[in-house]
Amino acid sequence: MKILNQVLSTLRDIFYKFDLSSIVTMKLTDFLDILIVAVIAYWVIIWVRETRAWFLLKGILVLALISLFSNIFNLYTVSWIIEKTLSVGIIAILILFQPEFRKALENLGKGSLVTNLFTSEKNMNKLEEKTAEEIIDAAERMAKEKTGALIVVENNVPIGDFEERGITIDAKVSSQLLTNIFVNKTPLHDGAVTIRNNRIASAACILPLTHAELNSDLGTRHRAAVGASEVSDAYVVVVSEETGKISVAHEGKLRRGVDGKKLKEVLCPPKKGGYITFSSLWKGLYHNENEKDNGKN
(Lines give C-alpha, C1' and ligand atoms only; values in the text may rest on other atoms or scores of the structure.)
Protein backbone atom coordinates (compact mmCIF):
# COMPACT_ATOMS: atom_id res chain seq x y z
CA MET A 1 0.00 0.00 0.00
CA LYS A 2 2.87 2.35 0.72
CA ILE A 3 4.24 1.92 -2.81
CA LEU A 4 0.77 2.43 -4.33
CA ASN A 5 0.31 5.62 -2.34
CA GLN A 6 3.67 6.93 -3.58
CA VAL A 7 2.67 6.27 -7.22
CA LEU A 8 -0.72 7.92 -6.75
CA SER A 9 0.91 10.88 -5.03
CA THR A 10 3.33 11.32 -7.96
CA LEU A 11 0.47 11.21 -10.49
CA ARG A 12 -1.54 13.68 -8.40
CA ASP A 13 1.35 16.15 -8.37
CA ILE A 14 1.67 15.88 -12.15
CA PHE A 15 -2.01 16.64 -12.72
CA TYR A 16 -1.95 19.54 -10.27
CA LYS A 17 0.91 21.12 -12.17
CA PHE A 18 -1.00 20.81 -15.44
CA ASP A 19 -2.72 24.13 -16.06
CA LEU A 20 -5.92 23.66 -18.09
CA SER A 21 -6.25 27.39 -18.58
CA SER A 22 -3.33 27.27 -21.02
CA ILE A 23 -5.51 25.39 -23.52
CA VAL A 24 -7.90 28.31 -23.75
CA THR A 25 -5.12 30.72 -24.68
CA MET A 26 -3.65 28.45 -27.39
CA LYS A 27 -3.25 30.05 -30.79
CA LEU A 28 -3.50 28.57 -34.28
CA THR A 29 0.28 28.36 -34.46
CA ASP A 30 0.29 26.28 -31.28
CA PHE A 31 -2.05 23.73 -32.85
CA LEU A 32 0.10 23.74 -35.99
CA ASP A 33 3.17 23.15 -33.85
CA ILE A 34 1.50 20.18 -32.15
CA LEU A 35 0.37 18.77 -35.51
CA ILE A 36 3.90 18.92 -36.95
CA VAL A 37 5.36 17.23 -33.88
CA ALA A 38 2.68 14.52 -34.09
CA VAL A 39 3.44 13.84 -37.77
CA ILE A 40 7.18 13.67 -37.05
CA ALA A 41 6.58 11.30 -34.14
CA TYR A 42 4.36 9.12 -36.37
CA TRP A 43 7.00 8.79 -39.09
CA VAL A 44 9.71 8.10 -36.49
CA ILE A 45 7.62 5.26 -35.07
CA ILE A 46 7.00 3.84 -38.57
CA TRP A 47 10.73 4.05 -39.33
CA VAL A 48 11.66 2.44 -36.01
CA ARG A 49 9.31 -0.50 -36.56
CA GLU A 50 10.91 -1.27 -39.95
CA THR A 51 14.53 -1.29 -38.72
CA ARG A 52 16.69 -2.80 -35.99
CA ALA A 53 16.02 0.37 -34.00
CA TRP A 54 12.71 -1.22 -32.90
CA PHE A 55 14.67 -3.47 -30.53
CA LEU A 56 16.61 -0.43 -29.37
CA LEU A 57 13.36 1.36 -28.55
CA LYS A 58 12.14 -1.59 -26.50
CA GLY A 59 15.44 -1.62 -24.63
CA ILE A 60 15.09 2.09 -23.87
CA LEU A 61 11.57 1.52 -22.57
CA VAL A 62 12.86 -1.22 -20.27
CA LEU A 63 15.57 1.13 -18.95
CA ALA A 64 12.94 3.83 -18.41
CA LEU A 65 10.78 1.44 -16.35
CA ILE A 66 13.80 0.34 -14.32
CA SER A 67 14.69 3.99 -13.73
CA LEU A 68 11.12 4.75 -12.61
CA PHE A 69 11.06 1.90 -10.10
CA SER A 70 14.57 2.72 -8.86
CA ASN A 71 13.39 6.25 -8.06
CA ILE A 72 10.28 4.96 -6.28
CA PHE A 73 12.20 2.40 -4.20
CA ASN A 74 15.20 4.75 -3.73
CA LEU A 75 17.64 2.33 -5.38
CA TYR A 76 20.57 4.72 -5.56
CA THR A 77 23.07 2.29 -7.12
CA VAL A 78 20.70 1.29 -9.93
CA SER A 79 19.81 4.94 -10.57
CA TRP A 80 23.49 5.85 -10.74
CA ILE A 81 24.24 3.06 -13.25
CA ILE A 82 21.32 4.04 -15.50
CA GLU A 83 22.26 7.71 -15.35
CA LYS A 84 25.87 6.97 -16.38
CA THR A 85 24.69 4.59 -19.10
CA LEU A 86 22.34 7.13 -20.66
CA SER A 87 25.04 9.83 -20.58
CA VAL A 88 27.08 7.95 -23.19
CA GLY A 89 24.13 6.13 -24.72
CA ILE A 90 23.40 8.76 -27.36
CA ILE A 91 26.90 8.51 -28.84
CA ALA A 92 26.72 4.71 -28.77
CA ILE A 93 23.34 4.78 -30.55
CA LEU A 94 24.69 7.02 -33.31
CA ILE A 95 27.63 4.67 -33.86
CA LEU A 96 25.74 1.37 -33.71
CA PHE A 97 22.77 2.48 -35.82
CA GLN A 98 24.55 4.68 -38.34
CA PRO A 99 23.15 2.68 -41.35
CA GLU A 100 19.59 3.05 -40.05
CA PHE A 101 19.95 6.82 -39.53
CA ARG A 102 21.46 7.16 -42.99
CA LYS A 103 18.60 5.23 -44.55
CA ALA A 104 16.06 7.37 -42.67
CA LEU A 105 17.61 10.58 -44.00
CA GLU A 106 17.71 9.15 -47.53
CA ASN A 107 14.04 8.17 -47.27
CA LEU A 108 13.26 11.70 -46.12
CA GLY A 109 15.03 13.07 -49.20
CA LYS A 110 13.21 10.55 -51.40
CA GLY A 111 9.80 11.53 -50.02
CA SER A 112 7.10 12.38 -52.52
CA LEU A 113 7.07 16.08 -51.64
CA VAL A 114 10.83 16.57 -51.93
CA THR A 115 11.15 14.27 -54.95
CA ASN A 116 8.42 16.03 -56.90
CA LEU A 117 10.01 19.44 -56.33
CA PHE A 118 13.64 18.60 -57.03
CA THR A 119 13.44 15.73 -59.53
CA SER A 120 13.27 16.50 -63.23
CA GLU A 121 11.23 14.46 -65.69
CA LYS A 122 14.40 13.03 -67.21
CA ASN A 123 15.37 11.43 -63.90
CA MET A 124 12.04 9.68 -63.45
CA ASN A 125 12.11 6.03 -64.48
CA LYS A 126 15.45 6.66 -66.21
CA LEU A 127 16.30 3.02 -66.91
CA GLU A 128 15.62 2.51 -70.61
CA GLU A 129 13.57 -0.49 -71.69
CA LYS A 130 16.33 -1.67 -74.03
CA THR A 131 18.83 -1.64 -71.15
CA ALA A 132 16.43 -3.60 -68.96
CA GLU A 133 15.94 -6.19 -71.70
CA GLU A 134 19.72 -6.66 -72.00
CA ILE A 135 19.97 -7.18 -68.23
CA ILE A 136 17.07 -9.65 -68.25
CA ASP A 137 18.50 -11.57 -71.21
CA ALA A 138 21.88 -11.84 -69.47
CA ALA A 139 20.25 -12.96 -66.22
CA GLU A 140 18.23 -15.66 -67.97
CA ARG A 141 21.32 -16.92 -69.83
CA MET A 142 23.38 -17.11 -66.65
CA ALA A 143 20.48 -18.76 -64.82
CA LYS A 144 20.39 -21.59 -67.36
CA GLU A 145 24.14 -22.12 -67.01
CA LYS A 146 24.06 -21.59 -63.21
CA THR A 147 26.56 -18.75 -63.42
CA GLY A 148 26.51 -16.59 -60.29
CA ALA A 149 25.93 -12.89 -60.92
CA LEU A 150 25.27 -9.67 -59.04
CA ILE A 151 24.05 -6.60 -60.96
CA VAL A 152 23.30 -3.26 -59.25
CA VAL A 153 21.07 -0.86 -61.20
CA GLU A 154 21.31 2.70 -59.89
CA ASN A 155 18.03 4.51 -59.32
CA ASN A 156 17.90 7.94 -57.63
CA VAL A 157 20.43 7.50 -54.82
CA PRO A 158 24.04 7.53 -56.19
CA ILE A 159 25.96 4.29 -55.67
CA GLY A 160 29.44 5.66 -56.31
CA ASP A 161 30.66 4.44 -52.91
CA PHE A 162 30.15 0.85 -54.12
CA GLU A 163 32.72 1.43 -56.87
CA GLU A 164 35.64 2.57 -54.73
CA ARG A 165 37.26 -0.87 -54.87
CA GLY A 166 35.86 -1.86 -58.27
CA ILE A 167 37.21 -1.70 -61.82
CA THR A 168 35.90 1.06 -64.10
CA ILE A 169 34.25 -0.25 -67.28
CA ASP A 170 32.10 2.56 -68.76
CA ALA A 171 30.63 0.47 -71.56
CA LYS A 172 27.29 0.04 -73.27
CA VAL A 173 25.02 -2.47 -71.58
CA SER A 174 24.77 -5.73 -73.52
CA SER A 175 23.81 -9.23 -72.45
CA GLN A 176 26.98 -10.64 -74.02
CA LEU A 177 29.27 -8.34 -72.04
CA LEU A 178 27.43 -8.98 -68.78
CA THR A 179 27.59 -12.74 -69.34
CA ASN A 180 31.33 -12.63 -70.12
CA ILE A 181 32.07 -10.56 -66.99
CA PHE A 182 30.55 -13.20 -64.70
CA VAL A 183 32.10 -16.25 -66.36
CA ASN A 184 33.78 -18.30 -63.64
CA LYS A 185 37.53 -17.73 -63.05
CA THR A 186 37.65 -14.53 -65.11
CA PRO A 187 39.34 -11.52 -63.44
CA LEU A 188 36.09 -9.57 -62.95
CA HIS A 189 33.61 -12.33 -62.09
CA ASP A 190 33.99 -12.00 -58.32
CA GLY A 191 31.94 -9.01 -57.17
CA ALA A 192 29.10 -6.89 -58.51
CA VAL A 193 28.53 -4.94 -61.70
CA THR A 194 27.05 -1.44 -61.36
CA ILE A 195 24.87 0.15 -64.03
CA ARG A 196 24.45 3.92 -64.14
CA ASN A 197 22.74 6.03 -66.82
CA ASN A 198 22.15 2.92 -68.97
CA ARG A 199 25.87 2.07 -69.07
CA ILE A 200 28.00 -0.48 -67.25
CA ALA A 201 29.93 1.76 -64.87
CA SER A 202 32.18 -0.74 -63.08
CA ALA A 203 32.74 -4.38 -62.19
CA ALA A 204 34.21 -6.42 -59.34
CA CYS A 205 32.57 -4.06 -56.80
CA ILE A 206 32.32 -4.96 -53.11
CA LEU A 207 28.85 -4.48 -51.62
CA PRO A 208 27.93 -4.14 -47.93
CA LEU A 209 26.40 -7.23 -46.34
CA THR A 210 23.04 -7.05 -44.64
CA HIS A 211 22.63 -7.77 -40.94
CA ALA A 212 19.04 -8.90 -41.41
CA GLU A 213 18.08 -12.53 -40.92
CA LEU A 214 17.81 -14.39 -44.24
CA ASN A 215 17.06 -18.02 -45.06
CA SER A 216 19.93 -20.37 -44.36
CA ASP A 217 20.10 -21.45 -48.02
CA LEU A 218 21.06 -17.91 -49.11
CA GLY A 219 24.77 -17.16 -49.37
CA THR A 220 27.02 -14.11 -49.43
CA ARG A 221 25.86 -12.98 -52.87
CA HIS A 222 22.24 -12.62 -51.71
CA ARG A 223 23.29 -10.98 -48.42
CA ALA A 224 25.29 -8.44 -50.42
CA ALA A 225 22.29 -7.76 -52.67
CA VAL A 226 20.01 -7.05 -49.72
CA GLY A 227 22.71 -4.99 -48.01
CA ALA A 228 23.18 -2.78 -51.08
CA SER A 229 19.42 -2.26 -51.37
CA GLU A 230 19.24 -1.21 -47.71
CA VAL A 231 21.66 1.71 -48.12
CA SER A 232 20.33 2.85 -51.53
CA ASP A 233 17.21 2.62 -53.68
CA ALA A 234 19.01 0.58 -56.33
CA TYR A 235 17.60 -2.60 -57.88
CA VAL A 236 20.01 -5.49 -57.32
CA VAL A 237 19.62 -8.53 -59.59
CA VAL A 238 21.06 -11.81 -58.29
CA VAL A 239 21.61 -15.09 -60.11
CA SER A 240 22.24 -18.03 -57.81
CA GLU A 241 25.22 -20.20 -58.69
CA GLU A 242 23.76 -23.18 -56.78
CA THR A 243 20.13 -23.16 -57.97
CA GLY A 244 20.21 -20.95 -61.07
CA LYS A 245 17.26 -18.93 -59.76
CA ILE A 246 16.94 -15.19 -60.35
CA SER A 247 16.18 -12.86 -57.45
CA VAL A 248 15.92 -9.09 -57.14
CA ALA A 249 16.47 -6.95 -54.04
CA HIS A 250 15.00 -3.49 -53.49
CA GLU A 251 14.61 -1.36 -50.34
CA GLY A 252 15.94 -4.14 -48.14
CA LYS A 253 13.53 -6.78 -49.42
CA LEU A 254 14.48 -9.80 -51.54
CA ARG A 255 12.11 -11.19 -54.13
CA ARG A 256 13.15 -14.71 -55.08
CA GLY A 257 12.45 -16.92 -58.07
CA VAL A 258 11.42 -14.22 -60.57
CA ASP A 259 11.24 -14.82 -64.32
CA GLY A 260 12.03 -12.40 -67.12
CA LYS A 261 8.53 -10.92 -67.19
CA LYS A 262 8.42 -10.22 -63.45
CA LEU A 263 11.96 -8.86 -63.50
CA LYS A 264 11.00 -6.38 -66.22
CA GLU A 265 8.00 -5.24 -64.16
CA VAL A 266 10.38 -4.51 -61.27
CA LEU A 267 13.08 -2.77 -63.31
CA CYS A 268 10.64 -0.82 -65.50
CA PRO A 269 7.58 -0.02 -63.37
CA PRO A 270 4.80 2.01 -65.02
CA LYS A 271 5.31 5.74 -64.79
CA LYS A 272 3.17 7.49 -62.23
CA GLY A 273 1.20 10.43 -63.47
CA GLY A 274 0.25 13.61 -61.68
CA TYR A 275 3.76 14.79 -60.79
CA ILE A 276 4.34 18.53 -60.98
CA THR A 277 8.06 19.29 -61.20
CA PHE A 278 9.96 22.53 -61.64
CA SER A 279 10.98 21.45 -65.14
CA SER A 280 7.43 20.57 -66.24
CA LEU A 281 6.08 23.80 -64.72
CA TRP A 282 8.72 25.84 -66.55
CA LYS A 283 7.98 24.03 -69.82
CA GLY A 284 4.28 24.76 -69.41
CA LEU A 285 4.84 28.44 -68.71
CA TYR A 286 7.27 28.71 -71.63
CA HIS A 287 4.78 26.97 -73.94
CA ASN A 288 1.96 29.32 -72.92
CA GLU A 289 4.14 32.38 -73.51
CA ASN A 290 5.02 31.15 -77.00
CA GLU A 291 1.34 30.61 -77.80
CA LYS A 292 0.54 34.16 -76.67
CA ASP A 293 3.36 35.58 -78.81
CA ASN A 294 2.20 33.57 -81.83
CA GLY A 295 -1.35 34.76 -81.31
CA LYS A 296 -0.24 38.39 -81.26
CA ASN A 297 1.77 37.91 -84.45
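You'll find the structure just up there.
Residues numbered from 1 in each chain as written. Predicted model: local features only at pLDDT ≥ 70, side-chain atom pairs only at ≥ 80, totals over all residues. Heavy atoms only, no water.

S.K.: Would you mind going over the pattern of salt bridges in detail, with residue names and values included?
M.R.: As enumerated under the stated definition, the model contains eight salt bridges in all. Of the charged contacts, one joins Asp170 and Arg199 as a salt bridge, the two residues approaching to 3.0 Å between their closest N and O atoms. On the criterion of sequence distance, the pair formed by Asp170 in strand E2 (residues 167–172) and Arg199 in strand E4 (residues 199–205) is long-range, its members being 29 residues apart. Residue classification places Arg199 among the partly exposed residues on the basis of a relative accessible area of 35%. (Salt bridge = Lys/Arg side-chain N within 4 Å of Asp/Glu carboxyl O. Helix = DSSP H or I, 4+ residues; strand = E, 2+ residues; numbered from the N terminus. Buried < 20%, exposed > 50% of the residue type's maximum accessible area, 1.4 Å probe, protein only.)

S.K.: Give me the lowdown on the sheet that holds strand E6 (residues 246–250), citing residues and values where you can.
M.R.: One open sheet holds the seven strands; their spatial order is E2-E4-E3-E1-E5-E6-E7, and the pairing between them is mixed. Every interior strand has two partners, whereas the edge strands, E2 and strand E7 (253–255), have only one. Averaged over all pairs of adjacent strands, the angle between their axes in this sheet comes to 20°, without regard to strand direction. With five bridges joining them, strand E1 (residues 149–153) and strand E5 (residues 235–239) adopt antiparallel strand pairing. Along E5, the bridge assignment pairs Ala149 with Val239. Across the sheet, helix H8 (residues 129–145) lies against E1, E2, strand E3 (192–196), E5 and E6, angled at about 25° from E5, the strand it touches most. Sheet strands in contact with helix H10 (residues 220–230) are E1, E5, E6 and E7, and its direction is about 175° off that of E5. (Pairing = 2+ DSSP bridges. Axes fitted to C-alpha atoms, helices over the stretch in contact; angles between N-to-C directions. Contact = heavy atoms within 4.5 Å.)

S.K.: Could you give an account of the layout of surface pockets, with specific residues and numbers?
M.R.: The calculated volume of the second largest pocket comes to roughly 500 Å³. Along the walls of the second largest pocket sit 28 residues, with Gly148, Thr220, Arg221, His222 and Glu241 positioned nearest its centre. (1 Å grid on protein atoms, 1.4 Å probe; cavity = no way out; pocket = protein on both sides within 12 Å on 5 of 7 lines; lining within 4 Å. Points joined across faces, edges and corners; volume = space filled by probe spheres on them.)

S.K.: Quick one: what's the story with unusual backbone geometry, residue by residue and with numbers?
M.R.: Here Lys146, not a glycine, exhibits a phi torsion of approximately 55°, which is positive. When you line up the elements, Lys146 lands in the loop between H8 and E1. For Lys146, a relative accessible area of 44% translates into the label partly exposed. The backbone phi angle of Lys185 is positive, close to 70°, even though this residue is not glycine. Note that Lys185 resides in the loop between helix H9 (175–181) and E3.

S.K.: How would you explain helix H11 (residues 260–267) if you had to name every residue and give the values?
M.R.: All of the buried residues along H11 are Gly260, Leu263, Val266 and Leu267. The buried side chains of H11 occupy one side of the element, clustering within an arc of 120° when seen end-on. The secondary structure elements touched by the buried residues of H11 are H8, E5, E6 and E7. (Arc of directions from axis to C-beta.)

S.K.: I'd like to hear about the packing of aromatic side chains, residue by residue, with values.
M.R.: Tallying each qualifying case throughout the model produces one aromatic pair. Judged by centre distance (6.4 Å) and plane angle (20°), the ring pair of Phe69 and Phe73 falls under stacked. By relative accessible area, Phe69 is classed as partly exposed at 46%. (Phe/Tyr/Trp six-rings, centres within 6.5 Å; stacked < 30°, edge-to-face > 60°.)

S.K.: Which residues make up the side chain of Thr194, and what values go with them?
M.R.: Among the structural elements, Thr194 can be located in strand E3. Given a relative accessible area of 0%, Thr194 falls into the buried group. A polar contact is formed between the side chain of Thr194 and the side chain of Glu163, at a distance of 3.0 Å. A polar contact is formed between the side chain of Thr194 and the side chain of Ser202, at a distance of 2.7 Å. (Polar contact = N/O pair within 3.5 Å; in protein donor to acceptor, adjacent residues only side chain to side chain.)

S.K.: Explain the nonpolar core to me, and be specific about the residues and the numbers.
M.R.: Ranked by internal contacts, the top residues of the largest apolar core, which has 28 residues, are Ile135, Ile151, Leu263 and Leu267. Those elements that place two or more of their residues in this core are H8, E1, H9, E3, E4, E5, E6 and H11. The greatest single-element share of this core, amounting to seven residues, is contributed by H8. Filtering out sequence-adjacent residues up to four positions away, Ile151 remains in contact with Ile135, Met142, Leu178, Phe182, Val193, Ile195, Tyr235, Val236 and Val237. Counting 16 residues, the second largest nonpolar core, distinct from the first, contains Ile159, Val231, Val236 and Val238. (Core = buried A, V, L, I, M, F, W, Y, C linked by side-chain atoms within 4.5 Å.)

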